[in-house]
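This is what each chain is made of:
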There are 2 protein chains.
Amino acid sequence: MLSQAEENYLKAILKLSQKNGKSVSTNAIAEELSTKASSVSDMMKKLSEKSWIHYVKYQGVSLTEKGRSYAVHIVRKHRLWEVFLVNQLNFKWDEVHDIAEQLEHIKSLELVSKLDAFLNFPSFDPHGDPIPNAEGIFPKSLAIPFSELPIKSRGKVVAVVMDEPSFLKYLDKLSISIGAQVEIIEVNEFDDSFDVKINGKQSHISLDVAKNILISLL
Amino acid sequence: MLSQAEENYLKAILKLSQKNGKSVSTNAIAEELSTKASSVSDMMKKLSEKSWIHYVKYQGVSLTEKGRSYAVHIVRKHRLWEVFLVNQLNFKWDEVHDIAEQLEHIKSLELVSKLDAFLNFPSFDPHGDPIPNAEGIFPKSLAIPFSELPIKSRGKVVAVVMDEPSFLKYLDKLSISIGAQVEIIEVNEFDDSFDVKINGKQSHISLDVAKNILISLL
DNA sequence: AATAATTTTTAGACAAGTCTAAATAAATAT
DNA sequence: ATATTTATTTAGACTTGTCTAAAAATTATT
Ligand SMILES: [Mn+2]
Ligand SMILES: [Mn+2]
Ligand SMILES: [Mn+2]
Ligand SMILES: [Mn+2]
């Protein structure tokens, strides 16, 4: 049985390899988990001995089939619990991450499947992130960053890339939530900002913000 | 912030002092937590340095005010989660203990209070155990062991003392559940067993079983 | 009251997980 | 191709929580 620490490492490796493709560096993992590279090296040795990861010294790591499916299961739990917290307990979307970070480590397959059913088999979490099903398959969603939305075309917010509370609260202030209708009116070259419409109302956002909002075209 | 291990020790001390009054012995704690007396000694030193318990070598331990209130909070979480698992997720009462044993360590006051509200502020868990409120006050219930119910008087099952799955499943088999109407028809002196009525139907239970069922008189 | 049995504590060891500092390998720049 | 910088690993130390075995204190028995 894996410890919480081991589970967090697997999850970090999954996240980083989903983002950057291929193999993951020691430093990237250390950064992701706010720990030191030396601690990561130690842990990589351990996880590799137990066949959770492929690891060649100085060459980075990748998940084994077994490791990937375990990591996906943790992600599944994390996102299901976030749905529970927001939809059933009325938490706000910027409040749930740290709690789900703990709940994801609760061990009971029965619990996960009953929770899934209770929540009506959701496909996306409160931040628009896809929830893998019991077989580990992620639902597809073709989404592009808001910053790459063609001018004048309409889109719908489907997800956010960051889940830091400060970013999420800022989106609240801008009335940007999952499902909101958006449109780019104009690009301001000199500061890379955008004049936009959000649910029909004119607004203004920076490139940094726009890159972290995922849109599906209407 | 307390570790899971420390929390489990505090909870064990609370449980034992509620059962036997006064101060709790090293061996009793070791037994309760399935660990060794030497480990308990070590931990008692640590908890006492941090003022969670009163501890005098060779004299047993008791909780400080602060320790008691922390332990009660863990119990509150444990029992609220059990209610959630049984009432919302349709677990059976013999399946929830181990899961609640993990969930009780999730740290978020906000979560506890929202869960409490979501469940409609329950006063008793699925085994009939009292759930302390946010102030740490336990609801009262004057209950006596089934084995001490006066002959011919009627009673209602309000709680069970043990929560081992095997015991709970056996009660299921006897159709004994929280709320069931019961009555002792006759005491069989030679084997200390009882002829009883459960929801009107005649049955037969041992002293061991009867001692672990709590009744309130009708 | 002295002895025996039981309970509790200490001493020393170990595994997990982390850290700092030093060594080594790999990548980059000259 | 060599030197420099950066990334990664190793060495050694520390904390938490556990264990076994031995020592000490307490309790029970004669
Ligand atoms: Mn986590
Ligand atoms: Mn999320
Ligand atoms: Mn526990
Ligand atoms: Mn219970």
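This is a predicted model, so every value here is computed, not measured.

### Brief notes about the interface of chain A and chain B
Line of reasoning, step 1. Of the residues lining the interface, 20 residues belong to chain A; the matching set on chain B comes to 20 residues.
Line of reasoning, step 2. Where chain A abuts chain B, roughly 1,600 Å² becomes buried across the two surfaces, and 73% of that area is made up of carbon and sulfur atoms.
Line of reasoning, step 3. By the criterion of area lost to chain B, the three top residues of chain A are Leu89(A), Gln102(A) and Lys114(A), representing 30% of everything that side buries.
Line of reasoning, step 4. Seen at the junction of chain A and chain B, the total is 0 salt bridges.
Line of reasoning, step 5. Among the elements of the structure, helix H4 (65–88), helix H5 (97–103) and helix H6 (109–118) of chain A are those that each provide at least two residues to the side of chain A that touches chain B.
Line of reasoning, step 6. If one sorts the elements of the side of chain A that touches chain B by residue count, H6(A) sits on top with 5 residues.
Line of reasoning, step 7. Taken together, the residues that form the side of chain A that touches chain B break down as 11 nonpolar, 6 polar and 3 charged.

### Some points on the protein's contact with DNA strand C
Line of reasoning, step 1. Residues in close proximity to DNA strand C total 21 residues, the closest being Ser3(A), Lys46(A), Ser41(B), Tyr55(B) and Lys57(B).
Line of reasoning, step 2. A share of 72% is what sugar and phosphate atoms reach among the atoms of DNA strand C within 4 Å of the protein.
Line of reasoning, step 3. At a separation of 2.8 Å, a phosphate oxygen of DNA strand C approaches a polar side-chain atom of Ser39(A).
Line of reasoning, step 4. Contacts to DNA strand C include Tyr58(A), whose side-chain N or O atom sits 3.5 Å from a sugar or linking oxygen.
Line of reasoning, step 5. Examining the composition of the surface near DNA strand C, we find that 5 residues originate from one element, helix H3 (residues 37–49) of chain A, more than from any other.

### Re the domain arrangement of chain A
Line of reasoning, step 1. Examined at the domain level, chain A breaks down into domain 1 (4–63) and domain 2 (144–217).
Line of reasoning, step 2. Averaged C-alpha coordinates put domain 1 of chain A and domain 2 of chain A at centres separated by 33 Å.

### A word on the coordination of the manganese ion (ligand 2)
All names here are of chain A.
Line of reasoning, step 1. Within the protein, the manganese ion (ligand 2) binds to Glu 82 (OE), Asp 125 (OD) and His 127 (ND1); these donor distances fall in the range 2.2 to 2.4 Å.
Line of reasoning, step 2. Between consecutive donors of the manganese ion (ligand 2), the numbers of intervening residues give the motif E-x42-D-x1-H. A residue pair is termed long-range when its members are at least 10 positions apart, and Glu 82 in helix H4 and Asp 125 in the loop between H6 and strand E3 (144–145) qualify at 43 residues. Like Asp 125, Glu 82 is buried.

### A look at the side chain of Asp129(B)
Line of reasoning, step 1. Within the element layout of this structure, Asp129(B) appears in the loop between helix H6 (109–118) and strand E3 (144–145).
Line of reasoning, step 2. Filtering out sequence-adjacent residues up to four positions away, Asp129(B) remains in contact with Arg79(B), Ser123(B), Phe124(B), Ala159(B) and Val160(B).

### What to know about the coordination of the manganese ion (ligand 4)
All names here are of chain B.
Line of reasoning, step 1. Summarising the metal site, the manganese ion (ligand 4) is bound by the protein donors Glu 82 (OE), Asp 125 (OD) and His 127 (ND1), whose distances to it range over 2.1 to 2.4 Å.
Line of reasoning, step 2. Donor residues for the manganese ion (ligand 4) sit on one chain with the sequence pattern E-x42-D-x1-H. Of the two residues, Glu 82 is situated in helix H4 (residues 65–88) and His 127 in the loop between H6 and E3; the sequence distance between them amounts to 45 residues. Note on accessibility: Glu 82 and His 127 belong to one class, buried.

### Some details on the pattern of salt bridges
Line of reasoning, step 1. Within this structure, the stated rule accounts for 22 salt bridges over all chains.
Line of reasoning, step 2. Note that Lys11(A) and Glu104(A) form a salt bridge whose closest N and O atoms lie 3.1 Å from each other. Placement of the pair is Lys11(A) in helix H1 (residues 4–20) and Glu104(A) in the loop between H5 and H6, with a sequence separation of 93 residues. Comparing Lys11(A) with Glu104(A) shows no difference in burial state: the two are buried.
Line of reasoning, step 3. In this structure, the salt-bridge partner of Arg76(B) is Asp116(B), at a minimum N-O distance of 3.1 Å. Of this pair, Arg76(B) sits in helix H4 while Asp116(B) sits in helix H6, placing them 40 residues apart in sequence. For the residue pair Arg76(B) and Asp116(B), the accessibility class agrees, reading buried in each case.
Line of reasoning, step 4. Linked through salt bridges whose partners overlap, the residues forming this network are Glu6(A), Lys46(A) and Lys50(A).

Each value, and the rule that gives it
- Residues numbered from 1 in each chain as written.
- Chains lettered and ligands numbered in written order.
- Predicted model: local features only at pLDDT ≥ 70, side-chain atom pairs only at ≥ 80, totals over all residues.
- Heavy atoms only, no water.
- Contact = heavy atoms within 4.5 Å.
- Buried area = accessible area lost by both parts, 1.4 Å probe.
- Salt bridge = Lys/Arg side-chain N within 4 Å of Asp/Glu carboxyl O.
- Helix = DSSP H or I, 4+ residues; strand = E, 2+ residues; numbered from the N terminus.
- Nonpolar A, V, L, I, M, F, W, Y, C, P; charged D, E, K, R; others polar.
- Near = heavy atom within 4 Å.
- Polar contact = N/O pair within 3.5 Å; in protein donor to acceptor, adjacent residues only side chain to side chain.
- Domains from an automatic or database assignment.
- Donors = N, O, S within 2.8 Å, 3.2 Å for Na, K, Ca; no water.
- Buried < 20%, exposed > 50% of the residue type's maximum accessible area, 1.4 Å probe, protein only.

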